[in-house]
There are 2 protein chains.
Amino acid sequence: MVAINTINLKITRDSDIMINKKISIKDIAKLTNTSITTVSFVLNGKGRISKEITKKILDVAAKNGYEPNRMAVGLRTGVSKVIGLVVETIGGPFFGAMAKVIEEEAEKEGYRIIYCSTNNNIQKGKDVIRMLSQQLVDGYIVTPMKGLEKDIQNLVANEKPVVLIDGYFPGLDIPHVLVDNHGSAFNAVDHLLKAGYKKIGLITADLDLIQLQDRTRGYKDALKINDIKEDKRLIFKLPFDTDKDKAINAIKAFIKQQKQMDAVFFTTNYLGTMGLESIRQLELNIPKDLAMISFDDNEIFNLYPPGITTIQQPTYEIAKSAIDLLLSQMSVDRHDISKIKLQIPSKLIERGSTTEKNRF
Amino acid sequence: MVAINTINLKITRDSDIMINKKISIKDIAKLTNTSITTVSFVLNGKGRISKEITKKILDVAAKNGYEPNRMAVGLRTGVSKVIGLVVETIGGPFFGAMAKVIEEEAEKEGYRIIYCSTNNNIQKGKDVIRMLSQQLVDGYIVTPMKGLEKDIQNLVANEKPVVLIDGYFPGLDIPHVLVDNHGSAFNAVDHLLKAGYKKIGLITADLDLIQLQDRTRGYKDALKINDIKEDKRLIFKLPFDTDKDKAINAIKAFIKQQKQMDAVFFTTNYLGTMGLESIRQLELNIPKDLAMISFDDNEIFNLYPPGITTIQQPTYEIAKSAIDLLLSQMSVDRHDISKIKLQIPSKLIERGSTTEKNRF
DNA sequence: TAAAAATGATAAAACGTTTTATCAAAAAAA
DNA sequence: TTTTTTTGATAAAACGTTTTATCATTTTTA
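Because the structure is a prediction, the values reported are computed rather than measured.

(A) Geometry of the sheet that holds strand S8 (residues 200–205) of chain A. All names here are of chain A. Spatial ordering of the open sheet is given by S9-S8-S10-S11-S12-S14, a layout of six strands whose pairing is mixed. At either end of the open sheet lies a strand with only one pairing partner, and these are strand S9 (235–238) and strand S14 (347–349). Each strand of the sheet is rotated relative to its neighbour by a mean of 15°, with strand direction disregarded. In this sheet, strand S12 (residues 309–312) lies alongside strand S11 (residues 291–295) in parallel orientation, the contact comprising three bridges. Bridge pairing links Ser 294 to Thr 310 in S12. Contacting S8, strand S10 (263–266), S11, S12 and S14, helix H8 (residues 181–194) runs over the sheet at an angle of about 170° to S11.

Given below as structure tokens:
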């Protein structure tokens, strides 16, 4: 008197398109005349089950394309095998490249990536973190922004592994990995000074990000150490929400106004490309009329004549370190990485835009 | 005799960092002297519960920062509120831009994005789809590739909503949204011919993607309709896995060899930028020595003098349509969109690289 | 040969929800 | 007043796993 229970029924339609009425561990137990426990043990290599039964179960499972229900597993074990990636914006070369690396590395350990962008909006950041913390993800990689300190500390307090990337929270012991922003900016400006440029401008974004502050400090310290007096007029902070055309016009206006300025340092990639557009529209010669350096390397900076000197952030290393750190924290041994703060060195890619001043 | 059950205990440490020993619906029931069902009803606005009890429950829930356990909800309802985004690679401007739009739109409906890249590897694609189908996602946006037909059809057969993006499966009724590849390429090549260029080369990737085939057909048809004989030697297929330096060298070799060639059409963004690099290294003048058009617009093509004419894919429209289509399919009314095939028109951005031949 | 230990298999509880079916009490209709 | 209907609340089952505790059975040890 076997209960007739039409399970699965791998119907072969067309060539091999099959309707997989999702088979469960229970179905396998029924099909093999064993118990749920036995099937679970076999599938997870846990208990001790005889060779024959093991084989039978494995066969049936494979033949029916059994896949565990992640929700059930997640509910039972509290582990989702998903990592939350919270970045400023996924579009754009910098985070895009990192996302790729992170995904690849995570996949090797069986983790998937759920990603969210904040667009530098604090509320969005808070919302995103709250959502992810609904038992949905096992760990976080986050680009920090001012205002998210509490939220991140909460995660840490609840023993959720977190690694910050591209920034950090001053004074808080939260593991992070980022480029040496201060040093990189310092070197870049120093490089300009060594090449003979004296009046160096700074174009940055009016965002309360520690990265940008560190870069600005680097700029100022380089001037100071070279005995150059800082000139407030040479510093331009582009308001954050400015749209592209307006931004270009603002940059143009700034450049036109500062006639003595002979070089300019852009603190981010997108400022650099907009700067390039501005300089082009002003029909200024690089580096004769204006030398330039931008943070973040980019195909454009390589191609655009005469080549733009950049500070190349090693995206691969940063992303790799971050995901490695996170994974090690999530592994069985649960390394304590709370004190780990990685500074990855950047690379100054010298190109035509900073040719020595006396060379032309 | 109330059982002492230390739940939650929102401990206030530091300022407000709290240890949220994740409160559950059960805990709320206990705290409010109600039942689990009642709490669930209130939280979901379902059953009929009195004003007072509703308020009490809502208060307690809010005060304790209750968040439903997505795993439990998912297990019970079979709905994960997650969308799987399977693209070729998330790095790169095209998919990056689309991912951004998709994420934003999905978020409005309470969906999160889990993303995976295939790197144009069929096995990886199969694996990714298998993984995602472990009850983990409610719907899919996929960039199709040859070899994935069966897998995608399986999803559809199992009533999983799927929308293809940037490509399609010829002959299969799976909803998709992409640019009019054939027409766009046709127009581009026609534009070159109208501008006086006669010997137009084609540089494409040796990938079995329908998009590239359609673009190639567009190229050929444009020649045909203008009574120009197709010349096999003017077509170059770059092997897929070539690394960047080798690719540039290969393109250089091809260009150098085809001396009569006066214009060249690149079928993808990354081929276009590598082509630009090649042309620069060969010190050829654009468009005097060689005119060019590339598929996919890009900041570089706008900036690089004299400006490169491109076929701009409206990433926003494509992504928006795709996610809208998917969401409508997942909504309660479950629109049948199986027959929907959207062709989004592209835009030819004319720049200096295709100036009329008799103008210089 | 009897007691102890190892082996192989399983029942049942639990994870946190949603939802169906049920039920008592109150209100409305007869 | 009695019957019917409505209202408000709940118990219990189910979703698909993992895991603990249990229990025969067989093997080993004493």
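After that view of the structure, there is still more to cover.
(B) Representation of the domain arrangement of chain A in the model. Looking at the assigned domains, one finds that chain A contains domain 1 (8–66), domain 2 (81–178 + 316–344) and domain 3 (181–313 + 347–359). In this structure, domain 1 of chain A and domain 2 of chain A have C-alpha centres spaced 37 Å apart.

(C) Inspection of the confidence of the model for chain A at higher detail. Averaged over chain A, the pLDDT score is 91; the fraction of residues at 70 or greater is 94%. Long-range and interchain partners of residues 1–15 of chain A, a stretch whose pLDDT sits below 50, account for 17 contacts in this model, where long-range means more than four residues apart.

(D) Just the packing of aromatic side chains, in detail. Evaluation of the coordinates by the stated rule reveals five aromatic pairs over all chains. Between B:Phe236 and B:Phe254, the aromatic rings sit 5.1 Å apart at their centres with planes inclined by 15°, giving stacked as the arrangement. Of this pair, B:Phe236 sits in strand S9 (residues 235–239) while B:Phe254 sits in helix H10 (residues 244–257), and the two are 18 residues apart along the sequence. The burial state of B:Phe236 is the same as that of B:Phe254; both residues are buried. The cationic tip of A:Arg215 hangs over the ring face of A:Phe295; the distance from NZ or CZ to the ring centre is 3.5 Å.

(E) Representation of the side chain of B:Ser294. By secondary structure assignment, the location of B:Ser294 is in strand S11 (residues 291–295). In terms of polar contacts, B:Ser294 uses its side chain to reach the backbone carbonyl oxygen of B:Thr268, at 3.4 Å.

(F) Representation of the protein's contact with DNA strand C. If you check the shell around DNA strand C, you find 27 residues, and the closest are A:Thr38, A:Arg48, A:Ser50, B:Tyr66 and B:Arg76. Close to the protein, within 4 Å, the atoms of DNA strand C belong to sugar or phosphate groups at a rate of 54%. In the environment of DNA strand C, a base nitrogen lies 3.4 Å from a nitrogen or oxygen atom belonging to the side chain of A:Arg48. The separation between a phosphate oxygen of DNA strand C and a polar main-chain atom of B:Asn69 is 3.4 Å. Looking at the surface near DNA strand C, the elements with two or more residues in it are helix H2 (36–44) and helix H4 (70–77) of chain A together with helix H2 (36–44) and helix H4 (70–77) of chain B. Tallying contributions element by element places H2(B) first for the surface near DNA strand C, with five residues.

(G) Expanded view of the sheet that holds strand S12 (residues 309–312) of chain B. Residue and element names in this part refer to chain B. Read across the sheet, six strands follow the order S9-S8-S10-S11-S12-S14 without closing on themselves; strand pairing throughout is mixed. Edge positions in the sheet fall to S9 and strand S14 (347–349), since each has one partner strand and no second. Shown here is a sheet whose adjacent strand axes are inclined to one another by a mean of 20°, direction ignored. Pairing geometry for S12 and S14, over three bridges, is antiparallel. Residue pairing across strands places Gln 312 opposite Lys 347, the latter belonging to S14.

(H) Inspection of the protein's contact with DNA strand D at higher detail. Taken together, 27 residues are adjacent to DNA strand D, and A:Arg76, B:Thr38, B:Arg48, B:Ser50 and B:Ile53 come closest. Counting only atoms of DNA strand D within 4 Å of the protein, the fraction found in sugar and phosphate groups is 57%. Contact between DNA strand D and A:Tyr66: a phosphate oxygen at 2.8 Å from a side-chain N or O atom of the residue. B:Ser50 is positioned with one of its backbone polar atoms (N or O) 2.4 Å from a phosphate oxygen of DNA strand D. Among the elements of the structure, H2 and H4 of chain A together with H2 and H4 of chain B are those that each provide at least two residues to the surface near DNA strand D. Element by element, the count of residues in the surface near DNA strand D is highest for H2(A), at five residues. Classifying every residue of the surface near DNA strand D by side-chain character gives 11 nonpolar, 11 polar and five charged.

(I) Structural context of the pairing of strand S8 (residues 200–206) of chain B. Residue and element names in this part refer to chain B. Most of S8 sits inside the fold, with six of its seven residues counted as buried. Across four bridges, S8 lies against strand S10 (residues 263–266) in parallel orientation. When the sheet's bridge partners are listed, Leu 202 is paired in S10 with Phe 265. Bridge analysis of S8 against S9 gives five bridges, and the strand direction is parallel. When the sheet's bridge partners are listed, Ile 203 is paired in S9 with Phe 236. As a crossover connection, the stretch from S8 through helix H9 (residues 210–225) into S9 is right-handed.

Conventions and cut-offs
By convention here, each chain's residues receive numbers from 1 onward along its written sequence. Written order decides the labels, with chains lettered from A and ligands numbered from 1. Local features in a predicted model are, by the rule used here, given only for residues with pLDDT of at least 70; side-chain atom pairs are given and counted only at 80 or more, and totals for whole chains, interfaces and linings are based on all residues. Just so you know, side-chain values use all the structure's heavy atoms and leave hydrogens and water out. For two strands to pair, DSSP has to find at least two bridges joining them. Strands are runs of DSSP state E lasting at least two residues, helices are runs of H or I lasting at least four, and both sets are numbered from the N terminus onward. Note on definitions: angles span 0 to 180 degrees between N-to-C directions of axes, and those axes are lines fitted to C-alpha atoms, for helices only across the stretch in contact. By the convention used here, residues are in contact when the closest approach between their heavy atoms is within 4.5 Å. Note that domain bounds follow an automatic or database assignment of domains. A residue's pLDDT is the predictor's confidence in that residue, given on a scale from 0 to 100. A pair of Phe, Tyr and Trp rings is counted when the ring centres sit within 6.5 Å of each other, with Trp represented by its six-membered ring. The angle between the planes then sorts it: under 30 degrees is stacked, over 60 is edge-to-face, the rest tilted. Residue exposure (1.4 Å probe, protein chains only): buried if accessible area is under 20% of the type maximum, exposed if over 50%, otherwise partly exposed. For a Lys NZ or an Arg CZ to count as sitting over a ring, it must be within 6 Å of the ring centre and within 35 degrees of the ring normal. Counted as a polar contact is a pair of N or O atoms within 3.5 Å, where, for protein atoms, one must be capable of donating a hydrogen and the other of accepting one, and residues adjacent in sequence contribute only when both atoms are in side chains. Here a residue is near a molecule or strand as soon as one of its heavy atoms is found within 4 Å of it. In this classification, Asp, Glu, Lys and Arg are treated as charged, Ala, Val, Leu, Ile, Met, Phe, Trp, Tyr, Cys and Pro as nonpolar, and every other residue, Gly included, as polar. By convention, a crossover is right-handed whenever its connection, traced from the first strand over the helix to the second and viewed with the strands pointing away, goes clockwise.

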